[in-house]
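Topology and contacts: notes
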Amino acid sequence: MKTDQPQRLAPVALLIIWIRGFISWWPLFVGGGLSILRADMSFNQFLLWGGLIVGVLVLTLIWSILHYLRFTYLVAPNGLTINSGVLIRKVNHIPYDRIQTVQRQQWFFLKPLGLEQVAIETAGKESKKAEGMLSAVPVAVADTINRYRQGNVQPVTPDATDNQAIPAAPDQTSTTAAPAAPVADAAYKINGHDLNQYALTSLGFIPIISGILWLTQKAQEYLPDSWYKNAEHAITGLAVYLIIGLTLIILILGFLISYLNIIQKYYHFTLDRTGDELRTSRGFFQTNTVSARLSRLQAVRFKQSVLRQWLHLSTVQALLASSAADDQQNNDLVLMPVIPERQALSSMRAFVSWLPETSPKLQPIPVSNRWYYMRNMVLGHLTLLVLPVVLASVFWLHVSWWLWLVLAGLIWLVVMALQGQYAATTAAIAIAPPKQLIIQVGEMWTRQRYFVRKKDIQAMTIKQSIWMKARGVAHLEVHIRKGNSDQTVNSRYMAVDLAKQIMTWYQPLPSVPQEGDNHAA
Amino acid sequence: MEQTGQALPATIQRIWRASAALWALVLMIIGLGLIAAWFFWHWSFWLGLGLIGIAIIQLLFRLALVPYRYRFWRYNITPTAVFLQKGFFFQKNEAIPISRIQNVTLEAGPLLQWQTLQQVNIETASTAHVIDGVTRPVADQLRNQILQLAQEARDED
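Here the structure is a predicted model, which is why all the values come from computation and not from measurement. (Residues numbered from 1 in each chain as written. Chains lettered and ligands numbered in written order. Predicted model: local features only at pLDDT ≥ 70, side-chain atom pairs only at ≥ 80, totals over all residues.)

Our next topic: the overall build of chain A. Helix and strand counts for chain A stand at 15 helices and 21 strands. Put simply, chain A has 521 residues, and 30% of those count as buried. Within chain A, contacts between residues at least 6 apart in sequence are counted, and of these 59% link residues at least 24 apart. (Helix = DSSP H or I, 4+ residues; strand = E, 2+ residues; numbered from the N terminus. Buried ≥ 20, exposed ≤ 12 C-beta atoms within 10 Å, placed from the backbone. Contact = placed C-beta atoms within 7 Å.)

Residue and element names in this part refer to chain B. The assigned domain composition of chain B is domain 1 (6–70) and domain 2 (74–156). Taking the mean C-alpha position of each, domain 1 and domain 2 sit 29 Å from one another. Listed per partner, the contact involves eleven residues of domain 1 and twelve residues of domain 2. Elements represented by at least two residues in the side of domain 1 that touches domain 2 include exactly strand E1 (6–7) and helix H1 (12–41). For the side of domain 1 that touches domain 2, the element with the most residues is H1, which contributes five residues. (Domains from an automatic or database assignment.)

This next bit is on the sheet that holds strand E5 (residues 103–107) of chain B. Residues and elements named next belong to chain B. Pairing within the open sheet is antiparallel, and its three strands lie in the order E5-E6-E7. For this open sheet the edge positions go to E5 and strand E7 (128–135), each flanked by a neighbour on one side alone. Each strand of the sheet is rotated relative to its neighbour by a mean of 20 degrees, with strand direction disregarded. Inspection of the sheet shows strand E6 (residues 117–123) paired to E7 by six bridges, in the antiparallel sense. Looking at the pairing, Leu 117 lines up with Thr 135 of E7. (Pairing = 2+ DSSP bridges. Axes fitted to C-alpha atoms, helices over the stretch in contact; angles between N-to-C directions.)

Quick look at the UniProt feature "transmembrane region" (unreviewed entry) in chain B now. According to UniProt, the "transmembrane region" (unreviewed entry) feature falls on residues 20–40 and 46–65 of chain B. Secondary structure across residues 46–65 of chain B comprises 100% helix and 0% strand; the distance between its end C-alpha atoms is 28 Å. (UniProt positions renumbered as here; feature names shortened; annotations may be inferred.)

This part is about the interface of chain A and chain B. The interface of chain A with chain B comprises 23 residues on the first partner and 24 residues on the second. The element contributing the most residues to the side of chain A that touches chain B is strand E19 (residues 457–465) of chain A, with eight residues. Residues belonging to the side of chain A that touches chain B are distributed by class as follows: ten nonpolar, nine polar and four charged. Looking at chain direction, E19(A) and strand E4 (residues 90–97) of chain B are connected through six bridges and run antiparallel. In the sheet register, A:Thr461 faces E4(B), and the bridge partner there is B:Glu94. (Nonpolar A, V, L, I, M, F, W, Y, C, P; charged D, E, K, R; others polar.)

What follows deals with the nonpolar core. Residues and elements named next belong to chain A. With 90 residues, the main nonpolar core has Leu 335, Met 348 and Val 478 as its most contacted residues. With six residues, the single largest contributor to this core is strand E14 (residues 333–340). Aside from chain neighbours lying at most four places away, what touches Met 348 is Val 300, Val 316, Leu 335, Met 336 and Leu 355. With 26 residues, the next largest nonpolar core counts Ile 17, Tyr 96, Val 141 and Ala 142 among its residues. (Core = buried A, V, L, I, M, F, W, Y, C linked by C-beta atoms within 7 Å.)

Right, here's the structure in full:
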């Protein structure tokens, strides 16, 4: 493999680009599919839909071919260069030391071909998409990029990087065999028991069940009426059993889908650290490997849903300054899917050395302030959700409807009050000497504990209304970079003295200590 | 909490008033348009009237708040951090360490140009902070001061 001139992607990339292209037109296919199912479809309509679908397939194919032909990349000693663009030609040069994360994704059918997708992220704030996206390239490409990246401790001169590359492997001659990677300083591999536990305690089945319910509802609309009538005759007496049976099936199905999905996603999960480089790898159908530089870690988060809190299990995630990480919609990189709460910190220290040995005792929200959380939750949901819905139903729906809605609204408010209570009892904060802040928040029945270094806190804000001032209460906002944007972690209704103490730890206020004027209450 | 740091130039109040008035004007024009729609196409009369009402209320509210807003706005630039403080009923104190600052930009829309003021935008890797308006020499000085301090802070790291 020559590396001194721009390379095309592997031909299979054309197929991938095409499939991705026409999948983005999915509403058209769904619409077409559903209207074909309908009995009253005329031949002309059929032709129209068919024509549209074929048209989209052909157009996206032409576009993909042009895209493929225009796309070249070059892995040079001084950086990665990508030429792309059909109408607007683009040359993107990414120096290796600008790279935040390298994400490799390999579908099982690409494994025999020795190909994978490589997404390269820098810290640029502009776009949501990865700066460098190589849809299908030999695995040696990412290996080479990673080697250049690790060699970048020294100033970038072609000689220096070449010399470093030689001992690792006889340079870019091997395409399939991984280069002799340096021995990891710390490594973790998930075992079957942990993975099973992780999948069993996931609450991912809730959205899946709602999805199935929605689908069955939609399906009813498209079933011919005659089916219904027949069915109704046959089962009037059995209706109750049918409903119970159906509910059970949906529950089991939802849970099973969620379970299997997590198993396949975190199959063979590994985490290892080599010097300053963290790497996670996972997946059954698609092997997903993310390499990130440890120094670019913005924060570490320990996350526990209520269920996992009961079982004393914790998930550890990293907040990164780039959006390539776990899923498309989730920027946080999972470092440990599941780990017993007590071992979590000590195990993580092998990978993230700046974490404290033991977590200092967190300062909870003063008991007298906790009801604010409940009050805000209830008032917020009352004014923004429950009241409008109930009022609208009073105007437009029959009495029998809105009585039910009022009842549902009340139950909802009780649930929200409990959620507020949960958030209030969970919220806590502490400084871990000398240079870290620990903030714990409760959101959506999930406890999240952030460990942030002082140098990774971008800004801090204290907010206080005049009524809060009288009661010695304040909000503290901590801004952390996450993905390509800001993650604000809030410590609400905390004691103002503690808030000021933390602010002073972060940045000493220029004036004399401002005590004494807020103990009016 | 007592006031520390610099106040904004007094002329910023004119800009706040003018901006409140402009907003009211825009809302009123839309409101008049809606009343015209009532006249020609029998839309609901209350739509237009309501919007004009909102325009007037927001105008009065914002005009009344200008002195208060001015009174409690403070910025303070020390060798290590930028501190911003605003509000009395809802007080907000922001601390931005100089070493986190990535970029400082100066910006002036038509209103600020009219009073020869400039808005100072301070960006970190994840947040953006604004000093509503300072005179041009001060703006230049602030930018240079912040950027120079930021450079020094980074060199020390």
